[in-house]
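For reference, the chains in residue letters:
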Amino acid sequence: MESKMRYFLLIFAVILWLPVSGNAAFDPMSDSTVVLPAGSDISYNWVVPPTTMEKPIPKHTLNEIKFSVDASGNPWIGIDNRKLMNPVREVAAAVSEPFQGLVHLDNGQLLLTTVRTLGFIAPSAKVEFDAAGLPLMVYQPICDLPAYYSRIYRAAGNCVYLVAEDARSKTSSIYVLRPEAASAQGQTELRGYKKIFQTGDTINAVTGDGDNTFIAIGKTVLMHTLADNKITAVPAQPTEEVRDLAYKHGLGLFYSTASGVGFLGAKRAFRFIETSHPRIALHGQSLMVLFPRNLGVMAFDNIKNLWNYDYKLEATGE
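Report on the accompanying structure.

Parameters and conventions
Here, residues in each chain are numbered from 1, in the same order as that chain's written sequence. Only residues with pLDDT of at least 70 are given local features in this predicted model, and only at 80 or more are side-chain atom pairs given and counted; all residues enter the totals for whole chains, interfaces and linings. Values reported for side chains reflect all heavy atoms of the structure, with hydrogen atoms and water molecules removed beforehand. By the criteria applied, helices consist of DSSP H or I runs no shorter than four residues and strands consist of E runs no shorter than two, each listed in order from the N terminus. For every residue, the accessible area obtained with a 1.4 Å probe (protein chains only) is divided by the maximum for its type, and the residue is called buried under 20%, exposed over 50%, and partly exposed between those limits. Throughout, a contact is declared for two residues whenever any of their heavy atoms are within 4.5 Å. For accessible areas, the Shrake-Rupley method is used with a probe of radius 1.4 Å. Any residue's cover is judged against the shown protein chains and nothing else. By this definition, two strands are paired if DSSP reports at least two bridges between them. For helices, the fitted line uses only the C-alpha atoms of the stretch in contact; every axis is such a line through C-alpha atoms, and the angle between N-to-C directions lies from 0 to 180 degrees. The salt bridge criterion pairs a side-chain nitrogen of Lys or Arg with a carboxyl oxygen of Asp or Glu, the two atoms within 4 Å. The aromatic pairing rule takes the rings of Phe, Tyr and Trp, using the six-membered ring of Trp, and pairs them if the centres are within 6.5 Å, calling planes under 30 degrees apart stacked, those over 60 edge-to-face and the rest tilted. Nonpolar cores were defined as sets of buried Ala, Val, Leu, Ile, Met, Phe, Trp, Tyr and Cys residues, with membership established by side-chain atoms within 4.5 Å.

**Focus on the overall build of the chain**
Scanning the chain for helices and strands turns up one helix and 26 strands. When burial is assessed residue by residue, the chain has 47% of its 318 residues classed as buried. When contacts within the chain are restricted to residue pairs at least 6 apart in sequence, long-range pairs at least 24 apart make up 50% of them. Accessible surface, the chain: about 15,700 Å² in total, of which carbon and sulfur atoms supply 52%.

**Focus: the sheet that holds strand β25 (residues 286–291)**
The pairing of strands in a sheet comes from backbone hydrogen bonds and takes either a parallel or an antiparallel form. Reading across the sheet, the four strands line up as β3-β26-β25-β24 and stay open at both edges, with antiparallel pairing between neighbours. Two strands in the sheet have a free side with no partner beyond their single neighbour: β3 (43–48) and β24 (279–283). Taken over all neighbouring pairs, the strand axes of this sheet differ in orientation by 25 degrees on average, direction set aside. Bridge count for β25 against strand β26 (residues 296–301) is six bridges, and the pairing is antiparallel.

**So, the pattern of salt bridges**
Counting across every chain of the model gives seven salt bridges. A salt bridge links glutamate 165 to arginine 151; the nearest nitrogen and oxygen atoms lie 3.1 Å apart. Of the two residues, glutamate 165 sits in strand β13 (residues 159–166) while arginine 151 sits in strand β12 (residues 151–155), which places them 14 residues apart along the sequence. Residue classification places glutamate 165 among the partly exposed positions, given a relative accessible area of 44%. The partly exposed category is assigned to arginine 151, whose relative accessible area is 25%. With a closest N to O distance of 2.6 Å, arginine 271 and glutamate 240 form a salt bridge.

**Digging into the pairing of strand β4 (residues 66–69)**
With burial as the criterion, each face of β4 is covered, one bearing Lys66 and Ser68 and the other bearing Phe67 and Val69. Relative to strand β5 (residues 75–79), β4 runs antiparallel, the two sharing four bridges. Each residue of the ladder has a partner; that of lysine 66, found in β5, is glycine 78. Counted along the chain from β4 to the antiparallel partner β5, the turn is five residues long, and its residue glycine 73 has a positive phi close to 85 degrees.

**Quick look at the packing of aromatic side chains**
For the structure shown, the criterion picks out seven aromatic pairs. Ring centres of tyrosine 175 and tyrosine 193 lie 5.4 Å apart, and the angle between their planes is 80 degrees; this geometry places the pair in the edge-to-face category. Taken together, the residues span a long stretch of sequence, with tyrosine 175 in strand β14 (residues 171–181) and tyrosine 193 in strand β15 (residues 188–199) at a distance of 18 residues. When the ring of phenylalanine 214 is compared with that of tyrosine 247, the centres are 4.8 Å apart and the planes differ by 50 degrees; the resulting orientation is tilted.

**Re the pairing of β24**
Across a regular strand the side chains alternate sides, sitting on one face of the sheet and then on the other. Among the five residues in β24, four count as buried, and that is most of the element. Where β24 folds back on β25, the antiparallel hairpin that results is connected by two residues, among which glycine 284 adopts a positive phi of roughly 60 degrees.

**Describing unusual backbone geometry**
A positive phi angle, near 65 degrees, is found at aspartate 41, a position not held by glycine. The residue aspartate 41 is located in the loop between β2 (33–36) and β3 in this model. Among the residues examined, aspartate 41 registers a relative accessible area of 62% and is labelled exposed. Residues other than glycine seldom take positive phi values, yet asparagine 158 does so here, at roughly 60 degrees. Tracing the chain through its elements places asparagine 158 in the loop between β12 and β13.

**Structural notes on the nonpolar core**
Across soluble globular proteins, nonpolar side chains show a tendency to be buried alongside one another. Ranked by size, the top nonpolar core spans 24 residues in total, and within it Tyr161, Ile174, Ile203, Val206, Val221, Leu245 and Leu253 carry the most contacts. Put simply, the parts of the chain that give this core at least two residues each are β12, β13, β14, β15, β16 (205–208), β17 (212–217), β18 (220–225) and β21 (252–257). It is β17 that contributes the most residues to this core, four residues altogether. Core analysis: the next-biggest nonpolar cluster, separate from the first, contains 22 residues, Leu36, Ile42, Leu251 and Phe300 among them.

**Topic: the sheet that holds β5**
Read from one edge of the open sheet, eight strands run β4-β5-β6-β7-β11-β10-β9-β8, paired in mixed fashion. Two strands close off the open sheet at either side, each with one partner strand: β4 and β8 (101–104). Strand-to-strand twist of the sheet, defined as the mean angle between neighbouring strand axes without regard to direction, takes the value 30 degrees. Bridging between β8 and strand β9 (residues 110–113) involves four bridges; their strand directions are antiparallel. Paired with valine 103 across the strands is leucine 111, a residue of β9.

If you want it as structure tokens, here you go:
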């Protein structure tokens, strides 16, 4: 019992949320709580402070909000399948075509998917505006998707994953898109994708580096190794259905669910954020978390220190 008590004293240190305006009808952080290991030296700060709103964003639209972080650590938020915002740089624009997903590569390139294609924002010599007065970003397709409504996920090494669902065969497939040599000078570009995995289950999220791929199916997270085409279950598993995954070598594997964010170690999993429909991304040594109901973004620095608390609880004894 003494060792278990020592464990709880060590692990749980509650973070108090910043107060909001007393005039607000809605407290933007009233449904959010964070716990971190005491003495872990994990620091946290608002990259984008939570927005105080008279009315919260409707819960049924939270899953439609997109989130990505560019090479400079700036968060990008996609809303209504047409608008892109970078709150740090105070940039807001509309995309010329409705997009379904967005990711930033390691080199900073922004990629978007529409219903049918994968593409990017093309440079434009003339600034145009949409009906609401927002600057218009021109979408340029690169290639067709493997299936309509394929979802895009970021991978390390300037790679991306595409998840395609086939309603007729009731299968879900993962494709990896890697940079390939485009000229004799060694320049590379994204040119084609390769199928690496297929299942009869619904794939909720994917992350990895192209060679080692983590796949979320329901409450289960699997690892696929491309070299031997082997599938293994991650040793520690979450207790809720996984909605998103983020991975970086040396930092770790993180997941989000409908109600929080957690860490998947080699021996145990634990959730350290409780909030509604969070989005996650990794940049540098930090985990970036979007709180969709108020569009606040928080950075958790030195997040790799969570590995210091990766041990089995039953091994602590009485």
